[in-house]
Amino acid sequence: MSLVSLSGIGVDFGATTLLRDVTFTVDRGERWGIVGRNGTGKTTLFRIMTGEQQPTRGQIARMQGVRWSVLEQHRDYGDATTVWEAAAGACAELLKLERSLSEQANALAEAGDQVTDAQMDRYSHDLERFDREGGYTLAPRVDAVLHGLGFDPDAARTQALACLSGGERGRVGLARQLIAGADVLLLDEPTNHLDLDTTQWLEGYLRETDRTVLVISHDRAFLATIANHIAHVEDHTVEAYAGGYEAFVLQRAERRLTRQRRFDQQRKTIAKEEEYIRRNIAGVNSAQAKGRRARLARVARLAPPPGEAGTMSLQFKARERGGDQVVVADTVTLEIGGRTLLRNFTGVVRRGDVVGLIGPNGVGKSTLLRTLAGEHSPADGSIRLGGSVTMAYYRQDLSQVPPSQTLYEIIQERRPLWERGAIQNHLGTFDFSGDAVLRRAGTLSGGEKARVALAIMMLEGANLLVFDEPTNHLDVESIESIEDAIEGYDGTVLLVSHDRALLRSLVTKVWMLHDGKISEYAGDFAEWEVASRERAHAASVQASEDEALRRVKERQKTHKGDSARKEGQASERKLRRRIEELEAEIATREAGVAHLSAALDDPALYAPGETGARAAALGRELEEARAILDEALEAWTRATEALDAATNGARR
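Because the structure is predicted, anything quoted here is derived from the model rather than measured.

Things to note about the overall build of the protein
Looking only at helices and strands, one finds 20 helices and 18 strands in the protein. For the protein, with 652 residues in total, the buried portion stands at 45%. Total accessible area on the protein stands at roughly 32,600 Å², and carbon and sulfur atoms take up 48% of it.

As for the environment of V11
Relative to the helices and strands, V11 resides in strand β1 (residues 2-13). The exposure class assigned to V11 is buried, which follows from its relative accessible area of 1%. Distance in space between the C-alpha atoms of V11 and T56 is 4.8 Å, their sequence separation being 45 residues.

Concerning the side chain of H218
Counting through the fold element by element, H218 comes out in the loop between β7 (212-216) and α9 (220-226). In terms of polar contacts, H218 uses its side chain to reach the backbone carbonyl oxygen of L474, at 3.5 Å. If near-sequence neighbours (up to four positions away) are discounted, H218 is found in contact with E189, N192, T471, N472, L474, D475, V476, I479 and D499.

A look at the nonpolar core
Within the largest apolar cluster, 50 residues are counted, with the highest numbers of intra-cluster contacts made by F316, L454, L465 and F467. Ranked by the residues each element gives to this core, the list is headed by helix α15 (residues 446-460), at 8 residues. The contact partners of L465, leaving out residues within four places of it in the chain, are F316, A392, M457, Y489, T492, V493 and L494.

With respect to the sheet that holds strand β17 (residues 509-514)
The 6 strands are arranged β14-β15-β16-β12-β17-β18 in an open sheet whose pairing can be described as mixed. Two strands in the sheet have a free side with no partner beyond their single neighbour: β14 (391-394) and β18 (517-521). On average, each strand axis in the sheet is tilted by 15° relative to the strand beside it, whichever way the strands run. The sheet contacts of α15 involve β14 and β15 (464-468), and relative to β14 the element is tilted by about 175°.

Quick look at helix α7 (residues 166-179)
Taking 1.5 Å per residue, 14 residues should reach 20 Å; α7 reaches 20 Å between its end C-alpha atoms and fits that length. For α7, the complete set of buried residues consists of G170, R171, V172, G173, L174, A175, R176, Q177, L178 and I179.

Let's talk about the packing of helix α5 (residues 135-148) against helix α8 (residues 196-208)
Viewed as axis vectors pointing N to C, α5 and α8 meet at an angle of 135°, and their least axial separation amounts to 9 Å. Our classification of the angle between α5 and α8 gives oblique. Listed contacts from α8 to A144, V145 and G148 of α5 are T198, W201 and Y205.

Concerning the confidence of the model for the protein
Averaged over every residue, the pLDDT of the protein is 85; the share at 70 or more is 89%. Element-level pLDDT for the protein is lowest in helix α18 (residues 525-563), with a mean of 61, against a maximum mean of 97 in β15.

Quick word on the pairing of β1
Here β1 runs beside strand β2 (residues 16-27); their pairing, made up of 8 bridges, is antiparallel. Bridge assignment links S5 to a residue of β2, and that residue is T25. Counting the residues between successive antiparallel strands, the hairpin from β1 to β2 contains 2 residues, one of them, G14, with a positive phi of roughly 65°. In terms of strand pairing, β1 meets strand β4 (residues 57-62) through 5 bridges, oriented antiparallel. Residue pairing for β4: G10 is matched across the bridge by R57.

What counts and what doesn't
Residues numbered from 1 in each chain as written. Predicted model: local features only at pLDDT ≥ 70, side-chain atom pairs only at ≥ 80, totals over all residues. Heavy atoms only, no water. Helix = DSSP H or I, 4+ residues; strand = E, 2+ residues; numbered from the N terminus. Buried < 20%, exposed > 50% of the residue type's maximum accessible area, 1.4 Å probe, protein only. Areas by Shrake-Rupley, 256 points an atom, 1.4 Å probe, with all protein chains shown as cover. Polar contact = N/O pair within 3.5 Å; in protein donor to acceptor, adjacent residues only side chain to side chain. Contact = heavy atoms within 4.5 Å. Core = buried A, V, L, I, M, F, W, Y, C linked by side-chain atoms within 4.5 Å. Pairing = 2+ DSSP bridges. Axes fitted to C-alpha atoms, helices over the stretch in contact; angles between N-to-C directions. Expected span 1.5 Å × (residues − 1). Parallel < 35°, antiparallel > 145°, perpendicular 65-115°, else oblique. pLDDT = per-residue confidence, 0-100.

Below is the structure:
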């Protein structure tokens with residue numbers, strides 16, 4: 001069932017065409033990824049779908065009564081003062097109704113026998129509406145979403161919204177949209193302020209929802225997980241693709257190849273016809289030549305397939321080799337604002353490493369990079385660059401781009417001997433041409449500033465590149481340019497990113513910062529993901545077993561107290577014997593589960609080069625052992641409940 005259908009949509013701004021001939025349909029329950037370069041009209045497409053903006057031409061049909069929820073890059077939280085209020089703000093009417101019901105209940109209690117039919121009717125009507133609109137599940141839903149996005153739901157009830165960082169406010173805005181009772185979610189770059197854990201939670205949430213979802217995103221791994229349709233905004237129009245992101249990449253390449261072949265064939269045919277006309281227009285075959293010229297004039301010319309115009313031509317080259325030990329950390333302790341971020345860390349980054357520094361938001365990754373750059377002093381220990389190591393630093397806040405200078409001045413300052421043409425050519429490789437080179441950096445968008453920062457890094461010739469979230473403001477094509485440039489770089493890289501596709505492609509060593517320490521994994525990011533999932537699974541199984549055995553032991557205490565009073569009855573003796581047999585079996589099964597859990601905790605099982613087959617086999621054995629133990633626990637529970645019933649009956 002179609003929720004929204006666009007037919008021949010076009011959008012003009014004065015003499016400039018942003019979109020033309022956009023035609024596609026979104027059906028109920030579909031999950032669309034909207035991809036394309038920055039500035040191509042993705043956000044405009046959202047505004048047209050919701051009716052916030054009218055197209056210059058074309059038709060749009062929306063299903064009546066559909067509720068839309070729009071997550072924009074710039075969020076407004078109204079009058080909310082706490083995190084919880086801001087997250088639940090989209091359900092303000094429901095919260096208002098809840099307060100009204102509480103006031104009505106108090107009024108009814110005070111009225112007693114004097115209560116009127118009108119009061120009862122209103123209370124009953126409002127109570128039915130509150131139930132129908134999900135009022136009883138609102139608080140649990142808000143708590144669940146806040147927890148999934150990295151907030152403490154209890155603390156959120158008093159946590160001041162005004163004290164949050166920009167990234168935290170972004171996560172509150174995302175929570176607000178997910179909680180809203182909308183039929184269609186329109187999310188604009190929802191993963192920008194999420195770490196790996198919260199991104200994976202959001203993926204699971206969107207996969208499981210029955211709502212229709214449209215997401216503008218540059219996160220390829222995120223799109224590959226959640227999208228079952230892709231809309232590619234390119235060359236002023238939109239091409240719709242059925243299937244996920246990986247299918248889109250293949251289909252796009254095939255479409256471009258087909259269009260290129262058709263374009264080349266038509267170009268050859270036209271050239272052949274034009275040559276015939278040129279040779280015969282004044283000769284004996286003049287009539288035929290004129291006829292062919294008339295026919296050729298009526299032929300609709302095919303446009304060439306969209307090329308790579310606007311893609312950065314990015315290359316990193318190290319001027320000198322540098323030492324083998326690039327970064328050396330010796331018992332480093334980092335503190336900020338009275339909080340310890342890292343304790344006694346010792347580690348080495350070696351030449352040629354691509355180290356992925358990962359961890360939840362706020363644990364100190366950026367502080368560690370600033371310490372390495374000499375901008376923050378460690379509380380204890382030292383972190384330093386090795387001999388002949390030069391560093392280029394991409395800051396997350398893009399503060400390395402001076403806002404008061406023009407782009408031309410920024411490059412000229414770093415290359416004073418370059419002539420004007422060389423400076424313009426360099427900026428041109430980052431899609432700044434013509435008068436754009438005279439713009440002041442302070443007027444640029446986030447994506448444009450990111451390209452300037454990369455243009456600066458490219459000039460530095462460093463043999464150590466340090467990146468702090470380089471993908472935040474860039475589109476997919478630009479991220480792929482960074483990926484290609486780092487793959488071709490012969491130096492060392494320290495990378496902080498939440499972009500899993502980038503991490504999987506590049507990282508050769510993982511540093512996981514958590515709980516004030518760094519855990520090193522000497523393998524690539526994909527191997528670390530497998531090991532992390534296996535360890536998480538083993539921990540989950542162990543926690544389940546611990547909880548089940550705790551319940552058994554609590555029931556054992558109760559049973560022993562009751563059984564001492566019930567000697568002499570044959571049925572009770574039989575039940576006690578059965579319970580004893582089951583307790584012995586449970587002890588045996590518990591030992592088996594503990595043995596398998598210990599095996600899964602062995603670090604050697606997840607060492608680089610291991611295929612994961614052994615870990616998977618142990619995981620299956622653990623699942624089977626747990627199932628058998630659960631059966632014994634259930635049998636024990638039934639037996640003890642039967643004994644309790646028998647003893648209680650005798651007491652009566």
